[in-house]
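# Notes for the structure review
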Amino acid sequence: METEALERPADLTIWRTAPASAPLAQPERFDTLREAIAAAAGALTDPAKQPWIITEEGEILSPNWIRTYLN
């Protein structure tokens, strides 16, 4: 991934793996991909949450991709 891509907007959606009474997941827009990854890191601490990011270029970043990037 290009360093410049980290400074472009991205959408983060956090899906639940367990049934929940909360409404369906809604994407949240972040000013930068860096911010979206940081928010996704917090979600990864809960096994019932699965964060997915869609970059400005349309690339889909899975929870496994996010874990690998953070490590």
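That block above? That's the structure.
Residues numbered from 1 in each chain as written. Predicted model: local features only at pLDDT ≥ 70, side-chain atom pairs only at ≥ 80, totals over all residues. Heavy atoms only, no water.

## Re the sheet that holds strand β4 (residues 60-61)
Spatially, the four strands line up as an open sheet ordered β2-β1-β3-β4, and their pairing is antiparallel. Only two strands of the sheet have a single neighbouring strand rather than two, namely β2 (28-30) and β4. As paired elements, strand β1 (residues 10-16) and β2 share three bridges and run antiparallel to each other. Bridge pairing links L12 to E28 in β2. Packed on one face of the sheet, helix α1 (residues 33-43) meets β1, β2, β3 (49-55) and β4 and runs near 170° to β3. The strands touched by helix α2 (residues 63-70) within the sheet are β3 and β4, with β3 carrying the most contacts at an inclination of about 85°. (Pairing = 2+ DSSP bridges. Helix = DSSP H or I, 4+ residues; strand = E, 2+ residues; numbered from the N terminus. Contact = heavy atoms within 4.5 Å. Axes fitted to C-alpha atoms, helices over the stretch in contact; angles between N-to-C directions.)

## What about the packing of α1 against α2?
For the pair α1 and α2, interaxial distance at closest approach is 10 Å and the crossing angle is 100°. Of the possible angle classes, the one that applies to α1 and α2 is roughly perpendicular. Of α2, the residues touching α1 (which contributes I37, A40 and A41) are W65, I66, Y69 and L70. Among the residues making up the contact of α1 with α2, the classes are represented as seven nonpolar, no polar and no charged. (Parallel < 35°, antiparallel > 145°, perpendicular 65-115°, else oblique. Nonpolar A, V, L, I, M, F, W, Y, C, P; charged D, E, K, R; others polar.)

## Describing a nonpolar patch on the surface
Residues W15, W52, I54 and I60 make up a contiguous nonpolar surface patch of about 410 Å² in total accessible area. Here I60 lies in strand β4. Owing to a relative accessible area of 57%, I60 belongs among the exposed residues under this scheme. (Patch = residues over 30% accessible without salt bridge, like charges linked within 9 Å, V, L, I, M, F, W, Y side chains within 5 Å. Areas by Shrake-Rupley, 256 points an atom, 1.4 Å probe, with all protein chains shown as cover. Salt bridge = Lys/Arg side-chain N within 4 Å of Asp/Glu carboxyl O. Buried < 20%, exposed > 50% of the residue type's maximum accessible area, 1.4 Å probe, protein only.)

## Things to note about the pairing of β1
Where β1 and β3 come together, seven bridges link them in antiparallel fashion. Across the sheet, I14 pairs through a bridge with P51, a residue of β3.

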